[in-house]
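For reference, the chains in residue letters:
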Amino acid sequence: MSSKKVKRTERGWAGHFCCSYKCLFHRNTLLECGDVKIVVSTVGFMKYKNRIETIGHKRYFETMAFHSDPADERYYDIDVTRQVTFSSPWAISEVDADDKANDMHEAVVKEITKRLRNGEVFNEND
């Protein structure tokens, strides 16, 4: 049975992707369990020169997760060198899919929350 408490905080900014400022869709969820802080970030629907463009190879939305930056003691933004792997779907190849992107983000948050509750700390060497 899961016993660890996970604090969830929704934030209003994009968490990853160098062109996220062009994305019309972004979600950023901080999950905290003890000393472990994981950021789940979803971006997509990138507008460039009045067109919707892909954000990667054949995808318009993507979700990634990272440990927070240990030097950031205020916002706990991501440390891009410490990516967290997960098994939930992470990419959408449809343009008009913000509802599916929300579902994808929630699935990743749910998976990582469950793993944190079960004591996983997401060590880079695991």
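Here's a quick rundown of the structure. No experiment lies behind these values; they were computed from the predicted model shown.

1. Side note on the pattern of salt bridges
This model, assessed by the stated rule, comprises 10 salt bridges. Among the ionic pairs, glutamate 10 bridges to arginine 27, the shortest N-O distance being 3.4 Å. Of this pair, glutamate 10 sits in strand E1 (residues 7-11) while arginine 27 sits in strand E2 (residues 23-33); the two residues are 17 residues apart in sequence, bridging distant segments of the chain. Overall, arginine 27 belongs to the buried group, its relative accessible area being 16%. The residue arginine 59 makes a salt bridge to glutamate 62 at a minimum N-O spacing of 2.7 Å. Summarising the burial analysis for this pair, arginine 59 and glutamate 62 share the class buried. Residues joined by salt bridges that share partners form a network here, namely Arg8, Glu10, Arg27 and Glu106.

2. Quick notes on helix H1 (residues 98-117)
Taking 1.5 Å per residue, 20 residues should reach 28 Å; H1 reaches 28 Å between its end C-alpha atoms and fits that length. Considered for burial, the residues of H1 that qualify are Ala101, Met104, His105, Val108, Val109, Glu111, Ile112, Thr113 and Leu116. Along its buried surface, H1 packs onto E1, E2, strand E3 (36-48), strand E5 (61-68), strand E6 (78-84) and strand E7 (91-92). Just downstream of H1, glycine 119 is the residue with a positive phi angle, here 95°.

3. Regarding the environment of cysteine 33
Positionally, cysteine 33 belongs in strand E2. The exposure class of cysteine 33 is buried, given its relative accessible area of 11%. The sequence separation of cysteine 33 and threonine 85 amounts to 52 residues, and the corresponding C-alpha distance is 17 Å. Beyond its immediate chain neighbours, meaning those up to four positions away, cysteine 33 contacts Lys4, Lys5, Val6 and Leu116.

4. Thoughts on the packing of aromatic side chains
Note on aromatic pairs: each is described by the distance of the centres and the angle between the planes. Per the stated rule, a full pass over the model turns up 3 aromatic pairs. Where phenylalanine 25 meets phenylalanine 61, the ring centres are 5.6 Å apart and the plane angle is 85°; that geometry is what we call edge-to-face. Placement of the pair is phenylalanine 25 in strand E2 and phenylalanine 61 in strand E5, with a sequence separation of 36 residues. Across the pair, exposure class does not vary: phenylalanine 25 and phenylalanine 61 are buried alike. Taken together through their ring pairs, the aromatic side chains of Phe25, Phe45 and Phe61 make up a single cluster. It is lysine 37 that lies over the ring of tyrosine 76; its NZ or CZ is 4.9 Å from the centre.

Cut-offs and rules
- Residues numbered from 1 in each chain as written.
- Predicted model: local features only at pLDDT ≥ 70, side-chain atom pairs only at ≥ 80, totals over all residues.
- Heavy atoms only, no water.
- Salt bridge = Lys/Arg side-chain N within 4 Å of Asp/Glu carboxyl O.
- Helix = DSSP H or I, 4+ residues; strand = E, 2+ residues; numbered from the N terminus.
- Buried < 20%, exposed > 50% of the residue type's maximum accessible area, 1.4 Å probe, protein only.
- Expected span 1.5 Å × (residues − 1).
- Contact = heavy atoms within 4.5 Å.
- Phe/Tyr/Trp six-rings, centres within 6.5 Å; stacked < 30°, edge-to-face > 60°.
- Lys NZ or Arg CZ within 6 Å of the ring centre and 35° of its normal.

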